[in-house]
Amino acid sequence: MTDIAHDRLLIIDFGSQVTQLIARRLRELNVYCEIHPFQNVTDAFLAEFAPKAVILSGGPASVIDTESPRPPQSVFTLGVPILGICYGQQVMMHELGGEVLRGHGTAEFGRAYVTPTEERIDLLTGWFLDTREQVWMSHGDHVSHIAPGFKVYGTSPNAPFAITADLDRQFYAVQFHPEVHHTPNGATLYENFVKLAGFEGDWTMGAYREQAIAAIREQVGDAKVICGLSGGVDSSVAAVLIHEAIGDQLTCVFVDHGLLRKGEAEEVVKMFRDHYHMPLIHADEQELFLGELDGVSDPETKRKIIGKLFIDVFQKHAADVGGAKFLAQGTLYPDVIESVSFSGGPSVTIKSHHNVGGLPEKMGLKLVEPLRELFKDEVRALGRELGLPASFIGRHPFPGPGLAIRCPGEITRQKLDILREADAVYIDQIRKHDLYDEIWQAFVAILPVRTVGVMGDGRTYDFACALRAVTSVDGMTADYYPFSHEFLGETATRIINEVPGINRVTYDITSKPPGTIEWE
């Protein structure tokens, strides 16, 4: 649990796939909140955390089952406002004397419409301006009798208790999910709830910056810190924040593995060494990485080779920083949430992730993770607060294995050079058409096939490439960006004319799922 000097809201997680969205909605309202799985929320935890309000999340279980997850009874005696969502509503009713029954024709999945009762309450300020509200339902069980003290303030065809509340205790419960996009006015409901709870919206990046700097100084003291700088937004913001806190006690290690975009190494080194004047080790290890990857075509093998080499190289160069006691990482809050998941159960590995997770134990280092309370959009806001260039903090995500996973099949220096040039043209096109900030991520993949073409009066036999551009909120799901045919035609013409080695351009319109954003 983090020591945060702000009013805190506790989200008790019962396993919903969209619990993170609740936290995002609250952070957007400048309210500090934390998600904790129900099994970790004990009486002692509640006493220490001292929440100003509590939200009970949705979840896949049935409250009717004896082994279903429950909050501790002490939650309901804290004397703070509580909002139950979907399963959270059902468990609230069950624990406070109401009744929940299995489906029997009352299940609702997807879009539904809630209408109000005659009496209106402050939780619903700004709702029902058009007599009904669209919401997103996802429930099999239903509340059949509400608990003593509760009244009904909204109904839907299959949820007669869609909105209930006990105003004396400030307990509120809804059967739908106000956090999802398909409940268009959901953010208003959360805004009303935090106002009722007395939150002042004091969670800002300016305040967090000062608090984080003080925490880093207290943790590190006069010790040395090393930071694996990838050039991505997360590690860059972490590095600048830590440097502001402890100055030259920090040394960054930037590993150039030969799989970066055009001009990227020069850009990163110039910004951190010349602009921010940070101690920086530029480890040019292109020959090592490309040599080990020579002839390798399996994507998982590529990732594992790169991950192992990264650790080896980082460890070698970090030894140049004698006496370092801390390793800085750009760990974000979603990483923390996923590491203490609701179920703790195994999940399928879609692809290995490149990180330096094995380093702290090998090197006897303690971790400094100043971004571990933040979501990605908050990291970008902190970057702006720290004065990083807008063009840098707004950059599209770039994977740790770099161009290796945008080069299906065997990796060669020729293919990487072609890919770099094609990618530069593509991104230039996107910027020229003022589309960069509308897109979550865009890149070129060079395909492991050659195709016949005609240029002038001659035959060509060159590589084909695929353009990829997606829209997303958090990278968990994504859809392809709907470029116009004019844009695609213009871009294909430029790539073929300006990049020797490519004679055919395609556009990838696969969503995630079923595809992933990257090709490997």
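An unreviewed UniProt entry lists the protein under the name GMP synthase [glutamine-hydrolyzing], with Pontivivens marinum as the source organism. Under Subunit (unreviewed entry), UniProt gives the following word-for-word description of the protein: "Homodimer." Regarding the protein, the relevant UniProt record gives this comment under Pathway (unreviewed entry): "Purine metabolism; GMP biosynthesis; GMP from XMP (L-Gln route): step 1/1."

Draft legend 1. Layout of the domain arrangement of the protein. Annotation of the protein at the domain level lists domain 1 (9-197), domain 2 (205-394) and domain 3 (412-507). Between domain 2 and domain 3, a total of about 770 Å² is buried, with carbon and sulfur atoms accounting for 49% of that surface. One can count 2 salt bridges joining domain 2 with domain 3. Viewed at the interface, domain 3 and domain 2 are joined by 4 residue pairs in polar contact (both at pLDDT 80 or more).

Draft legend 2. Representation of the pattern of salt bridges. Applying the stated criterion across every chain yields a total of 26 salt bridges. Residue Glu 244 pairs with Arg 209 through a salt bridge whose shortest N-O separation is 2.9 Å. With Glu 244 in helix H6 (residues 233-246) and Arg 209 in helix H5 (residues 205-220), this pair connects stretches of sequence that are 35 residues apart. Residue class for Glu 244 comes out partly exposed when judged on its relative accessible area of 30%. With a shortest N-O distance of 2.9 Å, Lys 302 and Glu 520 are connected by a salt bridge. Taken together, the residues Lys 302 in helix H9 (residues 299-318) and Glu 520 in the segment after strand E20 (502-507) connect sequence positions 218 residues apart. Comparing Lys 302 with Glu 520 shows no difference in burial state: the two are buried. Several salt bridges converge on common partners, so that one network encompasses Arg 261, Glu 264, Glu 267 and Arg 395.

Draft legend 3. Region of interest: the nonpolar core. Tyr 426, Ile 430 and Phe 483 are the most contacted members of the largest nonpolar core, which totals 51 residues. The element that contributes the greatest number of residues to this core is helix H14 (residues 413-432), accounting for 8 residues. Counting contributing residues, this core receives three or more from each of domain 2 (205-394) and domain 3 (412-507). Apart from residues lying up to four places away in sequence, Ile 430 is in contact with Leu 435, Tyr 436, Ile 439, Ala 442, Phe 483 and Phe 487. With 45 residues, the next largest nonpolar core counts Trp 203, Val 220, Ala 223 and Leu 386 among its residues.

What counts, and where the lines are drawn
- Residues numbered from 1 in each chain as written.
- Predicted model: local features only at pLDDT ≥ 70, side-chain atom pairs only at ≥ 80, totals over all residues.
- Heavy atoms only, no water.
- UniProt positions renumbered as here; feature names shortened; annotations may be inferred.
- Domains from an automatic or database assignment.
- Buried area = accessible area lost by both parts, 1.4 Å probe.
- Salt bridge = Lys/Arg side-chain N within 4 Å of Asp/Glu carboxyl O.
- Polar contact = N/O pair within 3.5 Å; in protein donor to acceptor, adjacent residues only side chain to side chain.
- Helix = DSSP H or I, 4+ residues; strand = E, 2+ residues; numbered from the N terminus.
- Buried < 20%, exposed > 50% of the residue type's maximum accessible area, 1.4 Å probe, protein only.
- Core = buried A, V, L, I, M, F, W, Y, C linked by side-chain atoms within 4.5 Å.
- Contact = heavy atoms within 4.5 Å.

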